[in-house]
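If you want the building blocks of each chain, they are given just below.
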Amino acid sequence: MDVYISIDMEGVAGIATLDQIVRGGGGYTRAQEIMTGEANAAIEGAFAAGADSVLINDSHGTMDNLIVQHLDPRARVILGSPKAQCMAHGLGANHGVALFIGYHAAAGAPGVLAHTFSSDFTSVRLNGKPVTEAEVNALLAARHGVPIGLVTGDNEVCAATAAAFPGVITVPVKTAEGFTAANNVHPTVAQDLIRAGAAAAVEKAGVLEPLALPEKFVFEVGFQIPLAAELAAAVPGAERVDLLTVRCEATGPDQLMDLVNLWYTVAAHSARSRLPMLERR
């Protein structure tokens, strides 16, 4: 069986602050080390359960956070951005199961460093319902008939995905105490839990079902500043719901991810355009 892993950083045990998750922060290099440790735990668990191959996609920020020379050499790794399928890039019909490691809660929800794809998005909804990154990525997996076997992160994302994904194993490695505060298990304990969870997910992959695809894909994003909404509404088929909200119906999971990538870029560009004026104060 081929196993796919998508790994983010905010849901890793021992990580709770912006200083840890942004390159250049004082805690970033340590965060890289424990993120790589959780990646290895998932890889090891997958192979222990009989995986033929493992592909892991670095899914955080610039998507080049994993310390590659310290990764289990049996796995292949996708690094860098932008990537057409973003956090689910490389996932295909050849994979028997997908594992989401280090994930976090949705924008506007309680949870450690909670957001959905961009810190410049205040809300993200699909068909009127707030969604996590895990749920959007699971739709891309479902297009290929691939189920989600494991989700790890804080208690909030584990609760959300346990309710959304049939048969998924969840491994909460920390409890949210605030947006930038968490009660964590020790990284080695987290790795043991993830290793066991990955093995169990691979072992039960044959009885798991992929997420059911909805009949429509109405994507709605709340932006922080009007310029971002104005630019996002220029996408053909998009409509500006109000000053800060834009809605567009995608044809399916792939176009949905196209919107994520485009609107993420628009939001980031719009935020950067304000910096020169803010720095004058």
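Coordinates for the structure precede this section.
In this convention, every chain numbers its residues from 1, walking through the sequence in written order. At least 70 in pLDDT is required for a residue's local features to be given in this predicted model, at least 80 for side-chain atom pairs to be given and counted, and no such filter applies to totals for whole chains, interfaces and linings, which use all residues. Hydrogens are left out, water is left out, and the side-chain values use all remaining heavy atoms of the structure.

**A few points about the overall build of the chain**
Logical step 1: Note on conventions: DSSP H or I runs of at least 4 residues are helices, E runs of at least 2 residues are strands, and numbering of each starts at the N terminus. Scanning the chain from N- to C-terminus turns up seven helices and twelve strands.
Logical step 2: What the globule rule says is 2.2 Å times the number of residues to the power 0.38, and the radius of gyration is computed from C-alpha atoms. Computed over its C-alpha atoms, the radius of gyration of the chain comes to 18 Å, within 12% of the 19 Å expected for a compact globule of 281 residues.
Logical step 3: Taking the principal axes of the C-alpha coordinates as reference, the chain spans close to 50 × 45 × 30 Å.
Logical step 4: Per-residue burial for the chain yields a buried fraction of 53% across its 281 residues.
Logical step 5: Any two residues having at least one pair of non-hydrogen atoms within 4.5 Å are treated as being in contact. Pairs at least 24 apart in sequence give 68% of the contacts found in the chain among residues at least 6 apart.
Logical step 6: To measure how exposed things are, a 1.4 Å probe is used in the Shrake-Rupley method; for residues, cover is taken only from the protein chains shown. When the accessible surface of the chain is split by element, carbon and sulfur atoms take 54% of a total near 11700 Å².
Logical step 7: Positive charges come from Lys and Arg alone, negative charges from Asp and Glu alone, with His and the N- and C-terminal ends not counted. Taken as the charge centre is NZ of Lys, CZ of Arg, CG of Asp or CD of Glu, depending on the residue. The positive charge centre, built from 18 side chains, and the negative charge centre, built from 29, are 6 Å apart in the chain. Here's how the labels work: a residue is buried when its accessible area is under 20% of the maximum for its type, exposed when over 50%, partly exposed in between, all with a 1.4 Å probe on protein chains only.

**What about a nonpolar patch on the surface?**
Logical step 1: Note on patches: the residues involved have over 30% relative accessible area and no salt bridge, like charges join within 9 Å, and the nonpolar side chains Val, Leu, Ile, Met, Phe, Trp and Tyr join within 5 Å. We count a salt bridge whenever a side-chain nitrogen from Lys or Arg sits within 4 Å of a carboxyl oxygen from Asp or Glu. Taken together, the side chains of L18, V22 and F179 define a hydrophobic patch exposed on the protein surface, amounting to about 280 Å² of accessible area.
Logical step 2: Mapped onto the fold, V22 is located in the loop between α1 (18-21) and α2 (28-48).
Logical step 3: In this structure V22 comes out as partly exposed when scored by relative accessible area, which is 45%.

**Here's the deal with the nonpolar core**
Logical step 1: Of all hydrophobic cores here, the largest spans 51 residues; its most connected members are I148, F223 and W263.
Logical step 2: In this structure, F223 is in contact with D120, F121, T122, A228, A229, A232, L244, V246, W263 and A267, ignoring residues within four places of it in sequence.
Logical step 3: Y28, L99, V112 and A201 belong to the second-largest nonpolar core, a separate cluster that totals 40 residues. Each nonpolar core is a collection of buried residues, namely Ala, Val, Leu, Ile, Met, Phe, Trp, Tyr and Cys, held together in the definition by side-chain atoms within 4.5 Å.

**Some thoughts on the side chain of E10**
Logical step 1: Tracing the sequence through the fold places E10 in the loop between β1 (2-7) and α1.
Logical step 2: Although buried, E10 forms no salt bridge, and the nearest oppositely charged side chain, K174, lies 8.1 Å from it.
Logical step 3: When sequence neighbours within four positions are dropped, the list of residues in contact with E10 reads I15, I21, H60, G102, H104, V112, L113, H115 and K174.

**Here's the deal with helix α4 (residues 155-164)**
Logical step 1: Within α4, burial applies to V157, C158 and T161. The buried residues of α4 occupy an angular sector of 100° when projected down its axis, which confines them to one face.
Logical step 2: The elements touched by buried residues of α4 are β4 (95-103), α3 (133-143), β7 (148-154) and β8 (169-178). The directions from the helix axis to the C-beta atoms form the arc being described.

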